Amino acid sequence: MSAYEGQESADLEILNIPQSEFFGTPDENGKGLPEWLTPDDQIEFKQTLECGNTIARSVLSVLEQQLQLPLYSLTNLHNLTDASGDFVRVIRYGGVPAFTVDQPEGFTPHRDATSITLLFNWIGGLQIPHADAKVDGYVVQDEDWRWVKPEPGYAIVNLGDAMAIFTNNLLRSQIHRVVKAPGEQRQHDRFSIVLSTRPENTSVMKAFESPIIPRSESSKEPITSLEWGYQVVSRIQKRAVKRGASDLHNVVNRGEGEKSNGGISSQ
Ligand SMILES: O=C(O)CCC(=O)C(=O)O
Ligand SMILES: [Fe+2]
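In every chain, residue numbers begin from 1 and rise along the written sequence. Here chains are named by letter from A upward and ligands by number from 1 upward, in the order in which they appear as written. Local features in a predicted model are, by the rule used here, given only for residues with pLDDT of at least 70; side-chain atom pairs are given and counted only at 80 or more, and totals for whole chains, interfaces and linings are based on all residues. Processing note: side-chain calculations cover all non-hydrogen atoms of the structure and skip hydrogens and water entirely.

Looking at an unreviewed UniProt entry, one finds the chain named Fe2OG dioxygenase domain-containing protein, with Paraconiothyrium brasiliense as its source organism. UniProt positions are given in the numbering used here, feature names are shortened, and annotations may be inferred rather than shown by experiment. One UniProt comment on the chain, placed under Sequence similarities (unreviewed entry), says "Belongs to the iron/ascorbate-dependent oxidoreductase family."

Draft legend 1. Broad picture of the coordination of the iron ion (ligand 2). As a rule, N, O and S atoms within 2.8 Å of a metal are its donors, except that Na, K and Ca use 3.2 Å; water is not among the atoms, so sites may look incomplete. Around the iron ion (ligand 2), the protein contributes the donor atoms His110 (NE2), Asp112 (OD) and His176 (NE2), which lie 2.1 to 2.2 Å from the metal centre. The rule is simple: take the accessible area with a 1.4 Å probe, protein chains only, and divide by the maximum for that residue type; under 20% is buried, over 50% is exposed, in between is partly exposed. You can call Asp112 buried: its relative accessible area is 6%.

Draft legend 2. View of the layout of surface pockets. A 1.4 Å probe that fits into a set of points on a 1 Å grid over the protein atoms alone but cannot get out defines a cavity; an open set with protein on both sides within 12 Å along at least five of seven lines defines a pocket, and lining residues are those with an atom within 4 Å of a point. Grid points are joined across faces, edges and corners, and a volume is the space filled by probe spheres set on the points. Of the voids in this model, the largest pocket is the one considered here, and its volume is about 950 Å³. Looking at the largest pocket, it is lined by 27 residues, and the ones nearest its centre are Ile165, Met205, Lys206, Ser216 and Ser218. Listed by contribution, the elements that provide at least two residues to the lining of the largest pocket are helix 2 (161–166) and helix 3 (225–243). Gly falls in the polar group here, along with every residue not listed as nonpolar (Ala, Val, Leu, Ile, Met, Phe, Trp, Tyr, Cys, Pro) or charged (Asp, Glu, Lys, Arg). Per-class residue counts for the lining of the largest pocket are 11 nonpolar, 8 polar and 8 charged. Strands here are runs of E lasting at least two residues and helices are runs of H or I lasting at least four, both read from the DSSP assignment and numbered beginning at the N terminus.

Draft legend 3. How the structure looks around empty space enclosed by the protein. Throughout the structure, instances matching the rule amount to 2 cavities of 30 Å³ or more. Of the voids in this model, the largest cavity is the one considered here, and its volume is about 160 Å³. Only strand 3 (87–93), strand 4 (105–112), strand 5 (116–121), strand 9 (176–179) and strand 10 (190–197) provide two or more residues apiece to the lining of the largest cavity. Split into classes, the residues belonging to the lining of the largest cavity amount to 9 nonpolar, 8 polar and 3 charged. Along its surface, the second largest cavity is lined by Gln19, Leu49, Gly52, Asn53, Leu80, Asp86, Phe87, Leu195, Ser196 and Thr197.

Draft legend 4. Quick look at unusual backbone geometry. Unusually for a residue other than glycine, Gln68 sits at a positive phi of about 55°. Relative to the assigned elements, Gln68 resides in the loop between helix 1 (39–66) and strand 3. Even without a glycine there, the phi angle at Tyr72 is positive, about 70°. Along the chain, Tyr72 turns up in the loop between helix 1 and strand 3.

Draft legend 5. Examining the site of ligand 1 more closely. For ligand 1, the set of nearby residues contains 14 residues, the closest of which are Arg89, Tyr93, His176, Arg190 and Ser192. In protein, a polar contact means a hydrogen-donor-capable atom and an acceptor-capable atom, both N or O and within 3.5 Å, with residues adjacent in sequence counting only if both atoms are side-chain atoms; elsewhere, any N or O pair within 3.5 Å suffices. Note that an oxygen atom of ligand 1 is positioned 3.2 Å from one of the side-chain N or O atoms of Asp112. In the model, an oxygen atom of ligand 1 is placed 3.0 Å from a nitrogen or oxygen of the His176 side chain. A molecule is said to be in a cavity or pocket once over half of its atoms fall within 2 Å of that pocket's grid points. For ligand 1, the cavity whose grid points lie within 2 Å of the majority of its atoms is the largest cavity. Elements with a contribution of two residues or more to the shell around ligand 1: strand 3, strand 4, strand 5, strand 9 and strand 10. Whether a residue is near a molecule or strand is decided by its heavy atoms; if any one of them lies within 4 Å of it, the residue is near.

Draft legend 6. View of the confidence of the model for the chain. Scored from 0 to 100, pLDDT records how confident the predictor is in each individual residue. Overall, the prediction assigns the chain a mean pLDDT of 87, with 87% of residues at 70 or greater. This prediction of the complex comes with two scores: 0.88 for pTM and 0.99 for ipTM.

Structural data, given as structure tokens:
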């Protein structure tokens, strides 16, 4: 798995640092860490991944109990040192003049191909549909989007597609998008730190059995988390081609999936 530095435009810069660079086996075909990352920066990213994993595991351990699953059912699939698609992503969305009315999307509507995503935001831009909104696949009417206001000292916790699979949709993967911040805020660059925790590569992507998880009727042979990651990427690329995207590498790295299995979202 490789680190990725993406610059789509002056408007959007993305850096993905995969967990495997520090805790697993780095992808030998990958790009490695960016050259400009100093040893101190590397320590910072390593510690950030470690903290993200600790927080995600504590959320998972609560969910595990609430779902009436045997102890460690979920947490054991999310060990820091097991090979997985975990990553930390830093995004800079360029500011635009305050109060402009256009609403270009930084990230089109998507659900994350993660178990848990922790988001650290300082200014607005993130949106989710309101509770009664009609969501048709990835289509949400413009008037149905609501701001997610960042609160100082808090992280935003998002459940991803893996949790929907593990619970046969008892837990839902939250659709979200990013647009320019509201009002005055949009003149500032918006930074976002994304800590994504995914099931370890060998995890079997199927619903757990529990008294409260609906039984799955699917007769499909379950796949591993690694295979699932690649499937997500190929789905995203097909959708992007339909939308007319030409640079699929950028598409996948823009949170819409990544071949290296780091940084994918299930667009
Ligand atoms: O920038 C944000 O607040 C969210 C980014 C996001 O949705 C993603 O990286 O999957
Ligand atoms: Fe996302």
